[in-house]
Amino acid sequence: MSEPANAYSTVVVGTDGSESSLRAVARAGALAGACGATLVVACAYLPAEADDRELARAQDVLGDEAYQVVGSHPAEETVRTAAERALAAGAGDVRTVAVTGSPVETLLEVVRREKADLLVVGNRGLSGIKGRLLGSVPADASRRSQCDVLIVHTTG
């Protein structure tokens, strides 16, 4: 059976290992499976030698929303766990990438590199004053992406 011409062929989803991001991964996995698309699970991480004061300052400002993976080993574990979640949700072909950088820049770079036609992100950070003042991954990614963006409702 051939897929419709408008079906997605490569879907990128970002995860930071949080439960809400894993809900977005599961939705992306189900969608990729239904379309017969390749799913690329991406995780941005800070180098382990990132300045501790800078990290502490960011965590103080962001509070509960501060969820940035530090170091390549935790990032690899994060994408491995997310890939398992995507496969369980119905994805057929899943690849994982862990990339040094900020979440939005990393996701947009992976979208470009993979020639993705859909980017999936969770909605965490869209509501509340911090998201409006500091920006959020879903808002920034949807504004700057060159492909379709699906914002999955992952927060309560």
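As the structure is a computational prediction, the values presented were derived from the model and not from experiment.

Student: Tell me what's going on with the overall build of the chain, and back it up with residues and numbers.
Tutor: Each helix and strand in the chain was counted, giving six helices and six strands. The secondary structure elements of the chain, listed N-terminal to C-terminal, are β-α-β-α-β-α-β-α-β-α-α-β. Scored against the burial criterion, the 156 residues of the chain give a buried share of 41%. Counting only contacts in the chain whose residues sit at least 6 apart along the sequence, the fraction spanning at least 24 positions is 77%. As displayed, the chain offers around 8,400 Å² of accessible surface, 51% of which is attributable to carbon and sulfur atoms.

Student: Now, about unusual backbone geometry: what can you tell me, with residues and values included?
Tutor: In this model, K115 sits at a positive phi of 55 degrees, which is unusual for a non-glycine residue. Counting through the fold element by element, K115 comes out in the loop between α4 (103–114) and β5 (118–122). Since its relative accessible area comes to 69%, K115 is described here as exposed.

Student: Outline helix α6 (residues 137–144), listing residues and values.
Tutor: What α6 keeps buried is the set P138, A139, D140 and A141. Looking at the buried residues of α6, the elements they touch are α4, β5 and β6 (148–152).

Student: Quick rundown of the pattern of salt bridges? Include the residues and the values.
Tutor: Overall, the coordinates contain seven salt bridges when judged by the stated rule. E19 serves as the salt-bridge partner of R23, at 4.0 Å between the closest nitrogen and oxygen. Placement of the pair is R23 and E19 together in helix α1 (residues 19–35), with a separation of four residues, close to one helical turn. A salt bridge links R112 to E109, with the shortest nitrogen-to-oxygen separation between them at 3.3 Å. Of this pair, R112 and E109 both sit in helix α4, three residues apart, which is roughly one turn of that helix. Counted as one network, the salt bridges with shared partners bring together E19, R23 and R85.

Student: Give me the nonpolar core: which residues, what numbers.
Tutor: If you look at the biggest cluster of nonpolar residues, it comprises 21 residues, and the most contacted ones within it are V11, V13, A28, L39, V41 and V120. For this core, the secondary structure elements donating two or more residues are β1 (10–14), α1, β2 (38–46), α3 (72–88) and β5. When residues in this core are grouped by element, the largest group, six residues, is from α1. In terms of nonpolar packing, the next biggest core, distinct from the first, is built from 13 residues, V40, A42, L107 and V111 among them.

Rules used in this analysis
- Residues numbered from 1 in each chain as written.
- Predicted model: local features only at pLDDT ≥ 70, side-chain atom pairs only at ≥ 80, totals over all residues.
- Heavy atoms only, no water.
- Helix = DSSP H or I, 4+ residues; strand = E, 2+ residues; numbered from the N terminus.
- Buried < 20%, exposed > 50% of the residue type's maximum accessible area, 1.4 Å probe, protein only.
- Contact = heavy atoms within 4.5 Å.
- Areas by Shrake-Rupley, 256 points an atom, 1.4 Å probe, with all protein chains shown as cover.
- Salt bridge = Lys/Arg side-chain N within 4 Å of Asp/Glu carboxyl O.
- Core = buried A, V, L, I, M, F, W, Y, C linked by side-chain atoms within 4.5 Å.

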